[in-house]
Each structure stands twice: as C-alpha cells, then as structure tokens.
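Structure assessment
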Amino acid sequence: MAKAYRLIFDENLCIGCQACNVACRLENDVPEGVYRLQVHVTTQGVFPHLGMHFERRSCVMCDEPPCVSVCPTGASFQSKDGLVHIHESQCITCKYCILACPYHARFINPLKNVVEKCTFCFDSRLSKALDPACVSVCTTEALRFGDVSQENSAVAMLSRKETLLFPKAHLGTKPKVCFIPARKGVKV
Amino acid sequence: MQGSLRALEPSILKGEDKWVRSVCEICSSRCAIEVRVVDQKPVWLQGNAFDTRMHSSICARGLSGVSQLYDQDRLRTPLMRVGQRGENRWREASWDEALAFVASSMQRLKQNYGAQSMLFSSKTGESFDLLSSFAANYGSPNTFSHWSSCPIAIESALEQTFGERAYRDFEHADYIVNFGHNLFEGLDIPLSKAMARFAANPSKKLIVLDPRFSIMAGKADEWYPIKAGQDLAFVLSLLHVWLRDAKYDHAFVRRYCIGLDALKASLKETTPQWQERYTGIDAKTIERLADEIYRAAPRCILDWGHKATTSPAEFQRTRAILIANVLMGNVEKKGGIYFAKTPEMLNALIQEPLFPLLQSPYPTPEVGIARIDGAGEEGSAYRFVPKKHGVLNAIADAILTQQPYAIKGWFLTRHNPLVTVADPQKMRTAMASLDLIVVNDIYMSDTAMMADVVLPEATYLERDESIHLHHGLVPSYTMRNRALTPLHRTRSLHEIVRSLADALGFSHAYSWKTMQELRAYQAKGNSALLESLVKRGYVQATIPHLFLREEASVRAFCERYAHVELRHVLEMFERRRKTPSGKIELFCAHIEKAFEGYGVPCAVDMDVQQNYPYTLISGKSAIHTNGHTQNVPYLHALMPDNPLWMHPSTAKAHGLRQNDTCYIENEIGKEKVKVFLTEGIRPDTLFLYMGFGRQTPLLPKIDRKGSSASKLLSLKTAPVCGAMITNTGVRIVRA
Amino acid sequence: MSPMWGSTAQYEVIHWSWAIAVYLFLAGISAGSIIVALLVKWNRHERSNSSIWDAMIKSGTLVAPVSILAGLFLLVADLGRPLSFYWLLIRFNPLSVMSLGVLFLLIYTPIVLVFTLLVFERTIVKYTWLLPLGSFIEWVKSLHSYAKTIEYFLMAAALCVGSYTGFLLSALYAIPLWNSPVLPIVFLTSSISSGIAVNILIGLVFFKSTINTESIKYLLVLDLRVIMTELPLLGIFFVGLFYGGGEVSSVAKAALSHGGLALVFWLGVIGIGLLLPLATVILALRSHVYRVRYILTNATAVLLGVLLLRYYIIYAGQIYLG
C-alpha cells in the first residue's frame, strides 16, 4: 500500500540550532556552499514587543509538485508514495524546476552540475525504514515523520491534536511538510 | 567530504559496518553519542539512545565531530618553536624529541625555581583531573580549570549555601524564571530538550530576563530585557516582597535554614520601586511576578544558570537566586531542585551494591605550597576559591610581577586563555616572558602560537577514556570509546602524561600504563560494568526517582524496595549539611567575616557599565563551542564570524548602518566590529557571540575574523568567588 | 538573530540569465518576422512585385531561420549539461510548456528552412557550391501544389513559437512577475513588433528596392499601431499585478521602482523601445516628412526595446520574488 508520508515541524519546539542542517550535509554529502535544508530564524516586532520565527527551508514534497509538471525530460518525478525525486542521469539542468518551485528548495549541485534537493533521505534511510537524518537528530524533537494513514503513527496523532499549517497552501501544491505555528511572541 | 557515507558507498557491502557508543566532547556538555563506523571511518553520529533522554538527538556541533576529525587544518605532528616566541616559525618534531624537550625543560625549571614555578591549566573534565594529578606529582599546586571564567560563582554559592551541588528538575516544573541561562544556544541535549518541552507546553510558564532577545527569550511567555548585570536587584526585590508578605515556606525555613533574620534585615529597602532604576522592570510587574511565582511553588524553579559572570556581585546574585528557591520550599520537591543521590547513598539505602563504586586513577597528593593566586589559603582574597580550580584572572599579574614566587612555565591542554580569559593583551605580554610554554590541542590556537612545543592531540573520536560517573537523581556512568585509531601523529593526553611521568621519574604514582589497565583499576576489576560500558557507552540502573520531600516519590521508592524503611529515606534529607552551621545558610557568617556585606544577599557591586554609554555582553551560540570550533569546516560554513548586535536607534545615533564597521573601546582595549542591526537588544547594550577575533595565522580561515569580547574585559574578579566578569562598559567609535 | 544557518547565496542565483533573455528575443524575432513576411505575402505581394514588400518577405524568410538557429544554440549552450540535451528530444511531458516548446520548435524550424529554400530558390541555384541543395529543392518543388499549405502550417507554428515563450514564463506561479495571463500576449505582440522592425531593417539594408513615400508612410503607421497596442498591454500587465495583492503587488512595485532594473524598464523598454519610436512617428506623420532615416531609427529602437523587455522580465522576475 502506498504511504502517506508527513513531516511535521513544530515551531514551538524548534530552537534554530541547525543540527538538521548539518545532519543533512553529513548524511547526503551535500557539497560546500549549498544546502538542502536550513532553518532561518528571524526576530519580528519592535523592541520590546518581539516574536521569533523559525522557518524550515527545504523541499516540502508536494502532492501536486510544480517541479515535476514543468520538467521537460521527466527527470523530476513522483514516486508511488508521492515523494518527489530527481533522476540525475536524465536531468539536463535546464533549471526550469528550480524556478518553478515556490519553496526555493532546489539548487544546482556544483560538483555534479545537476539539480538537487531534499529526498527525505530516501535511498540511505527511508527505504530502510529509518527516519530522515534531520528528524532523527533533531535536538528538541521538533520534527516528527511518519505515515499519516497509519492511525497510530506519531504524525497521525499529532495531526489530530494540533492545527497544522501547510506552507503556501493557497498554491494548491499540497505539501507533505507542514508546521505547527508558534504560540508565543508577537506575530507580524 | 572524505568521511561521509556517500564517499564510501561501494565499500559498505564488503567492509565492516559497526556502531561505537561513546561520549561527545565537542563541548563540555559531554552528551552520550553513538558513531557509525564503516571501514574504520566514522561516517555518522547521533545521540546514544541508551541514555533515554538523548533518544537519537545530537546538535550541529556534535554532528560536526566528523568534520573536525577530517579537517585538514588539524595539528598533525608535534611542532617546536624555531623563531622568537609568538613569531610563528616552527619545525616539525618527533614525539620522542618533543616529549624529551618538555621533560628536560620541566626538570630544569624544577631544579632552578621549584616545581611551583610551573602552571597547569585545562578545560574541566577528565583531562583536568589527569593534568591536576600530573601537576601534583610533579610538585606544583598551580592547577587551573576553566571554572573561574565560567561557573565558579554558581559552584561557590551552592557550596556556601547547601554544602553541595543542587540540580534542577525542569521536567516537572510548572513555572521557571530564567536569568539568561541560554539553554537553547549553549546546548546540553538532555537539559535543552527538557527546557524546550517545557517552553512549548501551553500550561507552563517561562519568564526570561535577558538584555538580549535570545532564542530562550523567543520561547518565553514573558521576556524582560533587564539591564545587563542587574539580576541581583530583581531577585532582591522579589525576596523583599515575599518576606514583606510572609510568603515563604515557614516550616521549611524554620527547620532547615539559618539566617532568616539577617536576610530580612538586609532586604528592608529592596522594594519593587527601588529595583526599577537598576533593572528597568516596573514595580507592578515585580509584585505580580512575586505573587505568581509564589503560587506556583514548590513546582517552580528560579534557574541560576550555567555560566555566571554577569557582574562583580555574581556571588550575591547566585546566592539570592538559590535563596529564592529555598524560600519557595522547592528543595527535594518534584519540579523543584534536588541534591545528588550518590551511589554510596543509594547502595546503603537499598542495602545492595546496585551502583558500582569507582576509585580515582589520578592520585593527587597534597603539595603543601601556596598557590600563586592564594586560592584556598586563609587570609587570601581567594580563600573561598577551590584550590584545585584557581583564578585564571590572577595569572597575568603573577607572571609579570613574579609574585609570590618565580613563575617560569605553563602547560596547557586544550585551554586557550588568549581567547577565553579577560585582557588577553596583558596575558600575551605575560606569556612572552615565560621560559617554557607547552600546549596540547587539536588545532593551532592563539595560545599555541605562543608555545615552545605544540603537542597534537587526538580528538575524542580517536580516544579511549576512563569511566565517568554523573550525579543526579539516579547516578549514571559513561565511558568514551574510540571510534578509530588516531589519525596523523596525534596522541591522547593520557599517553602524553604517562610518558612525561616516566621521564620525570614519578612513574610509580600511577598504577596503570594503558587505558585498559586504567579502566580496570578505576572499576576495581568490575568487568561487567566495563563490558557494558564498552558496548553501550552509557549505563544507568532503573530505580524510581527519589525526591526526598515528595511524599508520593518516597512512597513509590519504598514500595519498589520493600525492605527499605521509610525513616531511612527521610533521614537522608535530615542529615547534617556540609556547611559550617550544618544547615542551609541564608546567612553565611564566615563569608561575612571575610567579605563584609557578602554574608547575606544585599545590593552591592552591581554596576558593570561604569560610566560608559553602553554595556557589552557576550554569550554562546548553538554553532560554536566558545573558542574551540571556529575552524571546523561544517561549523565555519554556518557561522564564519560574529557581528555586533546593536539596536537600530543606537546605530542611528552613531550614523551606523547594517554591516558597517566600527570600533568598541574602553580602558582595557579596542576591538573592530561589524554592525548587525536588530530589535532584539536593549538600546544601551551591545552583544557579541564568543570565540571570534582570533590571532592564529596558521588557521587562515578564522584568523582575525570577527571580534573578541575578551579584549575589552578587565582582570578584576567578583569578590568571594573570583569569577571573571564578562559584562563591561564600552563606547562606540566610528571607523 | 544574526544569521548562522550558512550561505543563502543559492536562493539569490539568477538561474536564467541573459542567454535566455536573448533566446526569447531571437525566438520572438524569428516567429515575428515570418508572421509578418507571410502576412505581407498574402496581402501585398500579389500586387506589387518588386517593392519594399518583396524585400520584407525576403528579409523575414532569411531572419527567421537564422535567428531561431542562433536561439536554439544559445538555449542548449545555457543548459547546465548541454551534451545531455537529447533527453529533450526523446522525452515528452505534455504538462511542461518547455516540452511543448521543444515540440513547436521541432515542427517550426524545418518548415521555416523549407520555406526559406523555396523563397530563395533562384538565388540558390546561381551558386554551384549550393548544388547539393538543388535536388532537395527539386523534390520540394514537386510538392509545389502544397506550397500554400506549407505557408499555413508555418503561420500556425510561428504563432505557437511566438506565444510559447510567454507561456514558458507565465506557467510558473512561483514567480509573481511572470505568472500573469497577459505576459504571453505582451510577448507575442512585441514579437510581431520586432518582426516588423527587423524585416524593415534587413529589407532596407540588404534587399533595398524601390521605396517610395507612400510605403514609408504606411510602415510608419504600422509602427504606430503596434506601439499603441504594446503600451496599453504593458499597462494592463502591471495593473493586473498591482491588483494581485499581497506579495504580487509589492513585487510589481519593487520591480518598477528599485535599482538598475527599474531603469532598464523605464529608460530602455518604455523610453527607447516605445516612446522614442512613438515620438518620431508622430513627428514624421505630422510634418509629412518621410525619410528612410526615421524608419531605420524606429526599427532599431523597437528592436532594442523588445530585447530589453525580455531582459527586464527575465531578471526582475527572478530577483523580486516577494
């Protein structure tokens, strides 16, 4: 049966420590200077009425991925589990998908000269029933990953309990990565 | 990346693939880790789930252990100075030559000036215990840990108040007041995780006092941008309100404490109105918080922090915070503070040797000579500073004046005082006048630049070490197991010290030669313990958590161990404390005698700005460990420098814009900074992350990148505890 | 929070650079010039045999293949892995405008080449070194009865090529400045405008035949019409963005008011590309002075304007992301 993966990022727990960022580099051998994953931390408001915003910058694994529909060679494709991947050999690096991604999740691997992005660590971890590297190392367990169609999975339970926000939901991309927004601090 | 999994992909199939459980050392939190090793190469790191608090969590720095291991810039072979001291001219040497030189030089100094002319310093931990033992057997009392530049005020205050260390039960607290304890940037995974869970829980409340909008402040229910160094005023007024309204745990104070009257007398004037001008927090807020906090007691913690170097009143500040906890009656309560349940105590209580006892492999005989800083000596300004740890700020003057006796040499192991201690300018001058400087480190450092001999150390992934006992609710044991044999020509401090002890003729002091012998000696031959530590890296027996004043907890413990009598459990708390009065001391008579005005919390020595327009503060980031990791490739890429946090209104007043360069200066020094504009700081305060502004030409990536706050810090120390003070007044000068 | 998550340079890369802007320009010129040539052929050529109209047809049939081939070269050269371009030919994704574009180009380019051969038949047979083409032309001529059909196909293909470049950009909802339904119309219109300009220019310079006041006047009026269509289209384009609300309108504002790119737009696209030709045309028509110089100036300015419009849209779209 096809999986319904979901990754939940709890902004309330995230402390912006970048463990996920480094874990991703180590696990996936991401070349120097480029990132599959970063967490951007921004301060909002006017002193002393402030809020802190934590934003996970990475592929959100759309159910309706614009990067796949624009790809002229089929190098960008969606697996039967709905994960978006790239066939390196078929990528001509036309960069159309990079421009099509509303999440700015794609970039060119400067060593291989092909387009690259987060894969949920599919080859090295997920296909072996391991959580993606970022989820596994998260210092404060702010990341939860699993199959939302399994009623008893952590993500399914969390999804029932919390109000989830899907990034740029209005675009209709239906991301598999979603977040629990911060409850504290000034919102702008 | 040489060490990453992908680079090795084809060999996985045929090669060896194993997990090694060990202890991290990229910072001093020393979290339990496991390392995946493929073909003798570490490729992945994560938290060791045998420590259930860790799960598989690990921080960015911990993960970068692999990046550090394979960093091409690491020291690879012993280096010996060729040119003038600090001139940066070196030649490579063999270990035999380097160690022979160190041994003969130390021998010569001992003959000419006495063993006390050698100083020894190290980061606190196993290397410090080892080095202290080495120093004592050599005959020098002058050992220095990093304590006086970090937690000494807390250690002192705990010692003077309780006679022992206390711990915080963040997990079960309902309300926490945080005085800049930056657990979300200075990470200790079990603690940080507990704090994150606390902060994210809507039914709990977190108050943060910090001049800067730190990550911690970002997670707070209420953030108060308190004026730097003024925590004491806040706590004094809080105590004032409680005592005024008789809101404290009367029974607890009466039974277990001494000095309430002195405390009351001291706090008469410290009203909420009084503190306004110091902290900038209005009186009404204090009244409300005092009420809220007291109602949350005893499941409430006033968190004294990890590093306490905010003002000269640091001892008073920390004591006031401890006393606030005491008045709430949260001692030995769930969600409050508690004392260590040691193996000896628990074994005696349950009448079985559930927790193995260890013996120290590091004999440290009493030397019988006074230290250069007078630490622990009756009549000295530092009489209350532990002899073992000393006062780092006293070193420079002692060398420059050669008082109280000749000081000619310094052995430093992974200690970089030219970055982490105040007034490095003066320290550099002092170091230049020494006859012998030996530095043992992973990387070239500012301090190593001044050395005669630089000994390349193996990183923690390449070292086996001894067993470490961690105190807390339940004792736990960890052991560092190496993931690979040392790369390059690096060695562990154990090997270095053991060779030097042989050469210096006190080989007999040690009952071990190899790490295996050391471990066996330490574990008293308990091979089961050793075996499980080799396999699991972390060992902890599961017994119920015991809060001695929490009825349910005590009952649960007695149910689990039916033969244990309730009375025996309760007696554990009733015992005489290791303070002069045998009680929890709200008033310390012997301190008052030596330091008038310091026996009981009162408003003294709170000014850190000293007529300068701004206060410079500094702190940790989650990316770097103090002055240690700046060159680690993964971490350097994330944070190559440390711009100065400045409020936009401050910048405007000086005509400065984002990324502009300017200087900050005071009577100690002048430092170039890059401006980072943020609403997240008081307009009268400036902030720098620690560890930058290095002077290490051999590490070109980090040489002279960013700015060093230490260069503006004074060598004056906080009374009683001898702590360095890291908040200081500065002015802004345009470039 | 001072940044400590590493370089953000990857978010600021201009992935489609000047090469793509020039490609869009060249593809537009190619389609525009052939459309104009065909229109002229169908409407004018029958009557006047040796005139500027004939020159414009010749120019169109020459410019179209040259510019599309040059454009295709740029397009492939701009790929990160140019040698793997063959994947474009062996894979087809009907959802991808780029894939559709490849299809259009695969149809369009050969037809343009055949059409060019037919138009220049007499010139080609004059040169002996072009003889190998002779037999091919003979074969094509055997299809002569289908010549008109070829022209219709060519017109359809040119329209597709002319508008796909707009859809290529407007299909991306990640880029607010591109994601407008008006953009393909703007691109098609300006393609035709550049087609007229280039045909006049090349026609006058290389195939100069009799040119009289009447035809100059006519060309100027033609210019005026195109400009008067393009100006309001650009207006509608931006007004549409302004009313897009949220980040779309802030992006439009930024793109029109910030830095060098705004200058490119106001000075290059509007000033040189539209207002300068407009002014000369109006001046010439008012004072009844019909000089070839005016036409040459206008055509050059129009071409420059169209190129700058592509450049502006490509860069501003990627820089101002909201």
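Residues numbered from 1 in each chain as written. Chains lettered and ligands numbered in written order. Predicted model: local features only at pLDDT ≥ 70, side-chain atom pairs only at ≥ 80, totals over all residues. Heavy atoms only, no water.

1. Notes on the overall build of chain B
Definition in use: For helices the rule is a DSSP run of H or I covering at least 4 residues; for strands it is a run of E covering at least 2, with both sets numbered from the N terminus onward. The atom set for the radius of gyration is the C-alpha atoms, and the globule formula is 2.2 Å times the number of residues raised to the power 0.38. Partly exposed residues are those whose accessible area sits between 20% and 50% of the maximum for their type, while under 20% is buried and over 50% is exposed, using a 1.4 Å probe and protein chains only. Residue-level accessible areas treat just the shown protein chains as cover; the underlying method is Shrake-Rupley with a 1.4 Å probe. Positive charges come from Lys and Arg alone, negative charges from Asp and Glu alone, with His and the N- and C-terminal ends not counted. Throughout, a charge is located at the NZ atom of Lys, the CZ atom of Arg, the CG atom of Asp or the CD atom of Glu.
Of regular secondary structure, chain B possesses 26 helices and 27 strands. Radius of gyration (C-alpha) of chain B: 25 Å, near the 27 Å computed for a compact globule of 735 residues. For chain B, the spread of C-alpha atoms along the principal axes amounts to about 70 × 70 × 60 Å. Residues classed as buried in chain B amount to 65% of the 735 residues present. Surface summary for chain B: the accessible area is close to 25,300 Å², and the carbon and sulfur share equals 50%. With 88 positive and 78 negative side-chain charges, chain B shows a separation of 2 Å between the mean positions of the two kinds.

2. A closer look at the packing of helix H9 (residues 231-244) of chain B against helix H14 (residues 314-327) of chain B
Residues and elements named next belong to chain B. Rule in force here: To obtain each axis, a line is fitted to C-alpha atoms, and for helices this fit is confined to the stretch in contact; angles are then taken between N-to-C directions over 0 to 180 degrees. Any angle between 65 and 115 degrees counts as roughly perpendicular, while under 35 counts as roughly parallel, over 145 as roughly antiparallel, and the rest as oblique. In a left-handed crossing the near helix is turned counterclockwise from the far helix by less than a right angle, and in a right-handed crossing that turn is clockwise. What makes two residues a contact is simply this: any of their non-hydrogen atoms within 4.5 Å.
Close contact between H9 and H14 brings their axes to 9 Å; oriented N to C, the two are set at 30 degrees. The angle between H9 and H14 places the two elements in the roughly parallel class. Handedness of the crossing formed by H9 with H14: left-handed. On the side of H9, the interface is formed by Asp-231, Leu-232, Val-235, Leu-236, Leu-239, Trp-242 and Leu-243, while H14 contributes Gln-316, Arg-317, Ala-320, Ile-321, Ile-323, Ala-324 and Leu-327.

3. Regarding empty space enclosed by the protein
All names here are of chain B. Filter applied, for reference: Put plainly, a pocket is an open set of points on a 1 Å grid over the protein atoms alone with protein on both sides within 12 Å along at least five of seven lines, a cavity is a set where a 1.4 Å probe fits but cannot get out, and a lining residue has an atom within 4 Å of a point. Grid points are joined across faces, edges and corners, and a volume is the space filled by probe spheres set on the points. Each residue gets one label: Ala, Val, Leu, Ile, Met, Phe, Trp, Tyr, Cys and Pro are nonpolar, Asp, Glu, Lys and Arg are charged, and the others, such as Gly, are polar.
Scanning the model with the defined rule gives 14 cavities of 30 Å³ or more in all. Considering only enclosed or pocket space, the largest cavity measures out at about 570 Å³ in volume. Taken together, 38 residues line the largest cavity, and the ones lying closest to its centre are Lys-123, Thr-420, Thr-625, Asn-626 and Gly-627. Classifying every residue of the lining of the largest cavity gives twelve nonpolar, 18 polar and eight charged.

4. A short note on the layout of surface pockets
Considering only enclosed or pocket space, the second largest pocket measures out at about 920 Å³ in volume. Looking at the second largest pocket, it is lined by 37 residues, and the ones nearest its centre are Arg-25, Asn-28, Asp-29, Val-30 and Pro-31 of chain A. Every element with two or more residues in the lining of the second largest pocket is listed here: helix H1 (19-28), strand S5 (84-86) and strand S7 (114-116) of chain A together with helix H25 (633-638) of chain B. Looking at the lining of the second largest pocket, the element that brings in the most residues is H25 of chain B, giving four residues. In terms of residue class, the lining of the second largest pocket is built from 14 nonpolar, ten polar and 13 charged.

5. Observations regarding the interface of chain A and chain B
Quick note on the threshold: What gets called buried area is simply the loss in accessible area from a 1.4 Å probe that two parts show on being joined, summed for both. Here, a salt bridge means any Lys or Arg side-chain nitrogen found within 4 Å of an Asp or Glu carboxyl oxygen.
If you look at the interface, chain A gives 39 residues, while chain B gives 48 residues. Summed over both sides, the interface of chain A with chain B buries roughly 3,500 Å², with 64% coming from carbon and sulfur. When the buried area of chain A at its contact with chain B is split by residue, Leu-26, Phe-47 and Lys-184 of chain A rank highest and sum to 22% of it. Summed over the shared surface of chain A and chain B, the result is two salt bridges.

6. Details of the interface of chain A and chain C
The line we're drawing: In protein, a polar contact requires one atom able to donate a hydrogen and another able to accept it; more generally it is a pair of N or O atoms within 3.5 Å, and residues adjacent in sequence count only if both atoms are side-chain atoms.
Contact with chain A, which involves 41 residues of that partner, is made by 36 residues of chain C. Here chain A and chain C share an interface that buries about 3,300 Å² over both sides, 57% of which is from carbon and sulfur atoms. Among the residues chain A hides against chain C, the three largest losses belong to Ile-92, Tyr-96 and Leu-99 of chain A. Together they make up 23% of the total. The tally of links between chain A and chain C comes to one salt bridge. Lys-95 of chain A is paired through a salt bridge with Asp-78 of chain C; the nearest N and O atoms lie 3.7 Å apart. Here chain A is connected to chain C by 23 residue pairs in polar contact (both at pLDDT 80 or more). Take the side of chain A that touches chain C: its biggest share by element is five residues, from strand S2 (residues 38-46) of chain A. Here the side of chain A that touches chain C is built from residues that sort into 22 nonpolar, 15 polar and four charged.

7. Comments concerning the packing of aromatic side chains
What counts, and what does not: Paired rings are identified among Phe, Tyr and Trp, the last through its six-membered ring, by centres lying within 6.5 Å, and are further divided according to the angle between planes into stacked (under 30 degrees), edge-to-face (over 60) and tilted (the rest). Should the NZ of a Lys or the CZ of an Arg lie within 6 Å of a ring centre and within 35 degrees of the ring normal, that charge is described as sitting over the ring.
Enumeration over the complete set of coordinates arrives at 36 aromatic pairs over all chains. Note on Tyr-338 of chain B and Phe-547 of chain B: the rings are 5.7 Å apart at their centroids and 90 degrees apart in plane angle, and the pair reads as edge-to-face. Taken together, the positions of Tyr-338 of chain B in strand S14 (residues 337-339) and Phe-547 of chain B in the loop between strand S20 (538-539) and helix H22 (551-560) put the pair 209 residues apart, joining distant regions of the chain. We note that Tyr-338 of chain B, like Phe-547 of chain B, is buried. The ring of Tyr-35 of chain A has Arg-25 of chain A sitting right over it, with the charged end atom 4.5 Å from the ring centre. The ring of Phe-187 of chain C is capped by Arg-310 of chain C, whose NZ or CZ atom sits 4.2 Å from the centre of that ring.

8. Notes on a nonpolar patch on the surface
Using the following cut-off: Nonpolar side chains (Val, Leu, Ile, Met, Phe, Trp, Tyr) within 5 Å and like charges within 9 Å form the patches, drawn only from residues with over 30% relative accessible area and no salt bridge.
Together, Phe-85, Tyr-86, Leu-89, Ile-90 and Leu-106 of chain C make up a nonpolar patch on the protein surface, roughly 480 Å² of accessible area in all. Take the nonpolar patch: its biggest share by element is three residues, from helix H3 (residues 86-90) of chain C.

9. Section: the sheet that holds strand S8 (residues 143-147) of chain A
Strand pairing in a sheet is mediated by backbone hydrogen bonds. Such pairs are either parallel or antiparallel. All names here are of chain A. Where we set the bar: The pairing criterion for strands is at least two bridges between them, as found by DSSP.
One open sheet accounts for three strands, arranged S8-S1-S9; its pairing is mixed. A single partner strand is all that each edge strand has here, and the edge strands are S8 and strand S9 (177-180). When strand polarity is set aside, the average angle formed by the axes of neighbouring strands in this sheet is 25 degrees. Two elements, strand S1 (residues 5-10) and S8, share five bridges in a ladder whose sense is antiparallel. Across the sheet, residue Leu-7 finds its bridge partner in S8, namely Phe-145. In the packing of helix H5 (residues 154-161) onto the sheet, the strands contacted are S1, S8 and S9, and the crossing angle to S8 comes to about 110 degrees.

10. Focus on the nonpolar core
Stated precisely, the cut-off is as follows: As used in this record, nonpolar core signifies buried Ala, Val, Leu, Ile, Met, Phe, Trp, Tyr and Cys residues forming a set joined through side-chain atoms within 4.5 Å.
Membership of the largest hydrophobic core comes to 337 residues, with the highest contact counts inside it found for Phe-234 and Leu-327 of chain B together with Trp-178 of chain C. Beyond its immediate sequence surroundings of up to four residues, Leu-327 of chain B is in contact with Leu-239, Trp-242, Leu-243, Tyr-248, Asp-249, Val-253, Leu-260, Leu-263 and Leu-586 of chain B. Grouped together as the second largest cluster of nonpolar side chains are 35 residues, Met-80, Ala-115, Tyr-362 and Ile-496 of chain B included.

11. Quick word on the domain arrangement of chain B
Residue and element names in this part refer to chain B. Heads up, the rule is: Domain borders in the structure are assigned automatically or taken from a domain database.
The domain architecture assigned to chain B consists of domain 1 (5-69), domain 2 (152-340 + 576-594) and domain 3 (614-734). For domain 1 and domain 3, the distance between their C-alpha centres works out to 32 Å. Every contact between the two is made by seven residues of domain 1 and, on the other side, eleven residues of domain 3. Counting the contacts that link domain 1 with domain 3 gives four residue pairs in polar contact (both at pLDDT 80 or more).

12. Focus on the environment of Val-66 of chain C
Summarising the element assignment, Val-66 of chain C is placed in helix H2 (residues 52-77). Separated by 58 residues in the primary sequence, Val-66 of chain C and Ile-124 of chain C have C-alpha atoms spaced 16 Å apart.

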